[in-house]
Amino acid sequence: VTTSRHDYVAKTTPKRYKIVPPGHMHVHSAPFEKQTMNKLSYSCPNMASFEPARSCKPLREYERPEIPMQSETTTKLSYGPICPPPKEDVPWARRACYQPPDVPMDNETTYKKSFMPGCANERAKMVLPYNNLSVPAGSGFESKTVYKESYHSATCGERPPAIRPVANLRVAEQRLDDDTVYKTSFATHCHAERPAAIRPRPAPLIGDGPMQEVTTQRHDFVCKGQAKRDPIVPQGSLKMPTGRVESATVNRLSYPANKENIVPTKSCKPILVYKRPEEPMESDTTQKLSYMPVCLPQKEHYPWAQRARYQPPNLPMDSDTVQKLSYAPPGQYIEEPCASGAVCCQSCSPAAVNCCANVDTACSGVSYPRAAIVK
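Worth saying up front: this structure is predicted, and the values here are computed from it rather than measured.

Enquirer: I'd like to hear about the overall build of the protein chain, residue by residue, with values.
Expert: In terms of helices and strands, the protein chain carries ten helices and four strands. Mapped in sequence order, the helices and strands of the protein chain form the string α-α-α-α-α-α-α-α-α-α-β-β-β-β. Accessible area of the protein chain: about 44,400 Å², with a carbon and sulfur share of 57%.

Here it is, written out as structure tokens:
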């Protein structure tokens, strides 16, 4: 007996049956009434003397005011007109106005002076190129070319030495000097103090001192020391009824069932009843009368088109296949002599196959010599 078993004892509580609500769809035996709430509340009006109800919506019509509106607005009264001062005459900022020239323009342009006009009557004769590439047949090319006539070869006939560029970058063997042109021109100042940076003066909007703790928000809204209110939990609107649900609903109380004086309305729907015809239907249809039957001709007999039926062989298949005859099993064949009093199978007819197995049927009392394989 542990502490948990001693403190928490199992309680035998009977299991409650589940509450299944009944269905809300009920089938009525009597027909529905024609006098519904909509028909009783809204009767059909007489259109001859029917007057529609006047709408309570106000009519929005624009009415022009008789008094003109004031021209002096708030903006005009607040901001008075400012007359601009007269513009000063600045001589150096004057712009010269365009004046057309009084003298007419000269016709002697640069183009006319550079290119003289030619006479229209004397047209220059076209100069056709001379065909100097015509080589007569049977003559070879001349060895004297323009290049050979322009550049004569040297007398000695040897090739002149090549003119190579002189290298202008040479690496010094000694150590480079520290006294450069820049250091010699601008001497350094020993133990010179670096000038302080000139920075603009800050102009913060917030003062240098600490901010005031009492703000407008804290002064207007003071904390009220009250006890914390309990949370308002809304109650559920769905509660399980303790008693039985009443059967007298609003619909049943409004429309009481009067089963004695109820006259069901006669339905105008025609009754569908199948009536079998007394006379039989005609067998001569339009299809049969339009298309007469065509008799098929008798099938002819073709001897060359006949197929022979399959006939199973009477003789058993040979057990000596190509595989067995080509690849003999390992070992040696030893012929055993026939038993005493038995006729050898060599006397059998050639048509008898496997006569050793069919000794009784093929050869009566005839046996084949058997070969044993010795490995």
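Enquirer: Before we move on, could you go through the confidence of the model for the protein chain and cite the residues and values that matter?
Expert: On average, residues of the protein chain score 76 in pLDDT, and 79% of them are at 70 or above. Within the protein chain, the lowest mean pLDDT, 44, falls on strand 3 (residues 366-367), and the highest, 87, falls on helix 9 (residues 286-290). For the stretch residues 345-375, pLDDT sits under 50, and the model shows 51 contacts to residues farther than four places along the chain or on other chains.

Enquirer: With reference to specific residues and values, describe the packing of aromatic side chains.
Expert: Think of a pair of aromatic rings as described by two things: how far the centres are apart, and how the planes are tilted against each other in angle. Counted by the stated rule, this structure contains two aromatic pairs. Ring geometry for tyrosine 182 versus phenylalanine 186: centroids 5.0 Å apart, planes at 45°, classification tilted. This pair shows no difference in class: tyrosine 182 is exposed, exactly as phenylalanine 186 is.

Enquirer: Explain the pattern of salt bridges to me, using residue names and the numbers behind them.
Expert: Using the criterion set out here, one finds one salt bridge in the structure. For arginine 94, the salt bridge identified is with aspartate 89, shortest N-O distance 2.8 Å. Here arginine 94 falls in the exposed class, since its relative accessible area comes to 54%. Aspartate 89 gets classed as exposed once you look at its relative accessible area, which sits at 58%.

Criteria and cut-off values
Residues numbered from 1 in each chain as written. Predicted model: local features only at pLDDT ≥ 70, side-chain atom pairs only at ≥ 80, totals over all residues. Heavy atoms only, no water. Helix = DSSP H or I, 4+ residues; strand = E, 2+ residues; numbered from the N terminus. Areas by Shrake-Rupley, 256 points an atom, 1.4 Å probe, with all protein chains shown as cover. pLDDT = per-residue confidence, 0-100. Contact = heavy atoms within 4.5 Å. Phe/Tyr/Trp six-rings, centres within 6.5 Å; stacked < 30°, edge-to-face > 60°. Buried < 20%, exposed > 50% of the residue type's maximum accessible area, 1.4 Å probe, protein only. Salt bridge = Lys/Arg side-chain N within 4 Å of Asp/Glu carboxyl O.

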